[in-house]
Amino acid sequence: MVDPRYHIRVKPDDVGKYVIVVGDRGRVERVAKYLQKATKVGDNREYLTYTGYLKGEKVSVMSTGMGSPAMAIGIEELATTNAKVVIRVGTTGALQKGLNLGDSLIVTASVRMDGTTNQYIIPEYPAVADFSVVNALIGAAKRVENPYHVGIVLSTDSYYGKAFDEEKHGHLEKQLIKAGVLAVEMEIGALYVIGSLKKLKTGAVLTVREELTDEGYIQAGEKFEQGLEKSIMIALKAIEILIEGGA
């Protein structure tokens with residue numbers, strides 16, 4: 001019999017109803033420090049999982065590595081546990097000016113330019129967040145008081161691919177910027193599509209790691225790190241709001 005959690009290597013009861021997913025394994029403990037009685041419950045490949053408590057509810061945080069395939073595997077296997085709500089805390093590169101280093105971005109939907117989700121369902125199927133999770137994230141951002149934006153991102157499979165054909169990708173980026181797409185990242189399309197197919201409530205809060213200026217991009221640094229900590233707090237506060245609302 002195939003192990004339904006072969007990659008994440010957790011037991012169903014190890015995982016809480018509410019789960020925060022991060023790409024970087026190094027950020028798992030950065031989130032888990034805010035949970036009460038947090039302990040490691042799984043550690044295999046890119047999937048490191050801690051579980052603790054928030055407002056008396058079991059809450060987990062799990063790393064998924066980079067890209068849609070790894071996210072898809074993680075969400076598929078989380079869906080066989082107690083998980084019901086999954087919120088991504090990640091990073092992003094701005095496509096629009098006015099998104100500053102360290103700002104938070106609450107993602108309503110994704111432009112699906114990954115390969116993974118097309119193997120699940122037709123390209124016309126939308127990658128959208130759960131309305132109640134988005135509302136909770138917005139409410140949390142107001143309480144945490146970090147600058148935030150709400151909107152659509154581009155989910156792509158390639159980090160460096162645009163350097164191979166700058167003309168093609170440059171034209172595409174101009175179209176997306178004109179259409180109001182705020183930023184680019186690599187996992188939310190998979191999270192939202194597969195989460196929807198698996199009846200999970202999903203959402204995401206990203207931190208701007210690459211800011212677009214008149215002189216080009218500026219990256220990372222102290223403002224980004226401070227903003228990332230704020231985005232972690234927004235995700236946790238959103239879970240508190242969901243708990244209080246019975247979601």
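All values reported here derive from a predicted model rather than from experimental measurement.

## Topic: the nonpolar core
Ile-20 and Leu-78 are the most contacted members of the largest nonpolar core, which has 69 residues in total. With 11 residues, helix α6 (residues 222–245) is the largest single contributor of residues to this core. Those residues in contact with Ile-20 that lie beyond four places of it in its chain are Val-31, Ser-60, Val-61, Met-62, Ile-87, Val-89, Ala-235, Leu-236 and Ile-239.

## A few points about helix α3 (residues 131–144)
The periodicity of an α-helix, 3.6 residues per turn, causes residues three or four places apart in sequence to face the same way. Over its 14 residues, α3 runs 20 Å from end to end, which matches the ideal 20 Å to within 8%, given 1.5 Å per residue. Listing the buried residues of α3 in full gives Val-133, Val-134, Ala-136, Leu-137, Ala-140, Ala-141 and Val-144. All buried residues of α3 lie within an arc of 160 degrees about the axis, which places them on one face of the element. Among the exposed residues of α3, those oriented more than 90 degrees off its buried face are Phe-131, Lys-142 and Arg-143. Among the structural elements, β5 (85–94), β6 (104–113), β8 (148–156), β10 (201–213) and α6 are those in contact with the buried residues of α3.

## Topic: the packing of aromatic side chains
In the structure shown here, the tally under the stated rule is one aromatic pair. Ring centres of Tyr-159 and Tyr-160 lie 4.8 Å apart, and the angle between their planes is 75 degrees; this geometry places the pair in the edge-to-face category. One residue, Arg-9, lies across the ring of Tyr-6, its end atom 4.9 Å from the ring centre.

## Let's talk about the pairing of strand β2 (residues 36–44)
Pairing of β2 with strand β3 (residues 47–54), which is carried by six bridges, proceeds in the antiparallel orientation. Along β3, the bridge assignment pairs Gly-42 with Thr-49. From the end of β2 to the start of β3, which pair antiparallel, there are two residues, and Arg-45 there has a positive phi angle of about 50 degrees.

## Brief notes about the packing of α3 against α6
Where α3 contacts α6, the axes come no closer than 8 Å and their chain directions differ by 125 degrees. Compared by their axis directions, α3 and α6 come out oblique. Once α3 is placed against α6, the crossing between them reads as right-handed. From α3, Ser-132, Val-133, Ala-136, Leu-137, Gly-139, Ala-140, Ala-141, Arg-143 and Val-144 reach across to α6, where they touch Lys-230, Met-233, Ile-234, Ala-235, Lys-237, Ala-238, Ile-241 and Leu-242. Of the residues belonging to the contact of α3 with α6, the class tally is 12 nonpolar, two polar and three charged.

Conventions used here
Residues numbered from 1 in each chain as written. Predicted model: local features only at pLDDT ≥ 70, side-chain atom pairs only at ≥ 80, totals over all residues. Heavy atoms only, no water. Core = buried A, V, L, I, M, F, W, Y, C linked by side-chain atoms within 4.5 Å. Buried < 20%, exposed > 50% of the residue type's maximum accessible area, 1.4 Å probe, protein only. Helix = DSSP H or I, 4+ residues; strand = E, 2+ residues; numbered from the N terminus. Contact = heavy atoms within 4.5 Å. Expected span 1.5 Å × (residues − 1). Arc of directions from axis to C-beta. Phe/Tyr/Trp six-rings, centres within 6.5 Å; stacked < 30°, edge-to-face > 60°. Lys NZ or Arg CZ within 6 Å of the ring centre and 35° of its normal. Pairing = 2+ DSSP bridges. Axes fitted to C-alpha atoms, helices over the stretch in contact; angles between N-to-C directions. Parallel < 35°, antiparallel > 145°, perpendicular 65-115°, else oblique. Left-handed = near helix turned anticlockwise from the far one by under 90°. Nonpolar A, V, L, I, M, F, W, Y, C, P; charged D, E, K, R; others polar.

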